[in-house]
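Each chain, letter by letter, is given below.
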Amino acid sequence: MNDSPGCPLFEVAATYLPRLSEMTSEPGLAAAVDQHAAAVCDALIPAQRGPRARTVRREELADYVLGFTDWLTGADWTEPVGHDFATLRLTAVCWLIREHDLLDA
């Protein structure tokens, strides 16, 4: 399963987690990452209400990351200097990893 150190969340976090520090000085970046995080949640979690709404599960996020990074590989994507759709999405994944403590399991 996706609970091992071979889990794609570890690699994404190692690469993109440092970008979260940029959010404190760039409000536009923070807003963009927030929107991407909401879009990832919408893709993973059916519409829910109540206190457990928006609970992200490690296995589901890992599967999402595998699909997204496979798509990036197929598109011959290379990481730009700034922020594009893919870097924002992967940074948002890191925000979700941190907010839901998904690497501590």
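Along every chain, residues carry numbers that run from 1 in the direction the sequence is written. The model is predicted, so local features are restricted to residues of pLDDT at least 70 and side-chain atom pairs to those at 80 or more, both for listing and for counting; the totals for chains, interfaces and linings are taken over all residues. Heavy atoms from the whole structure form the basis of all side-chain values; hydrogens and water molecules are not counted.

Turning next to unusual backbone geometry. Notably, D76 is not glycine yet its phi reads approximately 55 degrees, a positive angle. Only protein chains enter the area calculation, which uses a 1.4 Å probe; residues under 20% of their type maximum are buried, those over 50% are exposed, and those in between are partly exposed. Under the relative-accessibility criterion, D76 is labelled exposed at 66%. Of note, D101 is a non-glycine position whose phi angle comes to about 50 degrees, a positive value. Only runs of H or I of at least four residues qualify as helices and only runs of E of at least two qualify as strands under DSSP, and these elements are numbered from the N terminus. With respect to the secondary-structure elements, D101 resides in the segment after α4 (85-99).

One side-chain nitrogen of Lys or Arg within 4 Å of one carboxyl oxygen of Asp or Glu is enough to make a salt bridge. Following the criterion strictly, the structure yields 4 salt bridges and no others. A salt bridge links E59 to R57, with the nearest nitrogen and oxygen atoms 3.2 Å apart. For R57, a relative accessible area of 44% puts it in the partly exposed group. In this structure, E60 engages R57 in a salt bridge whose closest nitrogen and oxygen atoms are separated by 3.2 Å. A residue is classified by how much of its surface remains accessible, and E60, at 28% relative accessible area, is partly exposed.

Axes here refer to lines fitted to C-alpha atoms; in helices the fit is confined to the stretch in contact. Angles between the N-to-C directions go from 0 to 180 degrees. The geometry of helix α3 (residues 58-74) relative to α4 is characterised by a closest axis approach of 12 Å and an angle of 165 degrees between their N-to-C directions. Between α3 and α4, the interaxial angle falls into the category roughly antiparallel. Pair α3 / α4 crosses with left-handed handedness. Mapping the contact onto sequence places L61, Y64, V65, F68, T69 and L72 in α3 and F85, A86, R89, L90, V93, L96 and I97 in α4. A breakdown of the residues in the contact of α3 with α4 according to their chemical character gives 11 nonpolar, 1 polar and 1 charged. For classification purposes, angles smaller than 35 degrees are called roughly parallel, those larger than 145 roughly antiparallel, those between 65 and 115 roughly perpendicular, and all remaining angles oblique. Two helices that cross are described as forming a left-handed crossing if the nearer one is turned anticlockwise from the farther one by less than a right angle, and a right-handed crossing if clockwise. By the convention used here, residues are in contact when the closest approach between their heavy atoms is within 4.5 Å. We call Asp, Glu, Lys and Arg charged. Ala, Val, Leu, Ile, Met, Phe, Trp, Tyr, Cys and Pro are nonpolar, and the rest, Gly among them, are polar.

Geometry of an aromatic ring pair is reported as the spacing of the ring centres plus the angle between the planes. In summary, the pairing rule links any two rings of Phe, Tyr or Trp, Trp by its six-membered ring, whose centres are within 6.5 Å, and it sorts them by plane angle into stacked for under 30 degrees, edge-to-face for over 60 and tilted for everything else. Evaluated as defined, the whole model comprises 3 aromatic pairs. Between the aromatic rings of F68 and F85, the centroid separation amounts to 6.3 Å while the plane-to-plane angle is 55 degrees, which identifies the pairing as tilted. Here F85 lies in helix α4 and F68 lies in helix α3, a separation of 17 residues in the sequence. F68 gets classed as buried once you look at its relative accessible area, which sits at 10%. One aromatic cluster in this structure is built from Y64, F68, W71 and F85.

Read these as layout, nothing more, since geometry by itself doesn't imply function.
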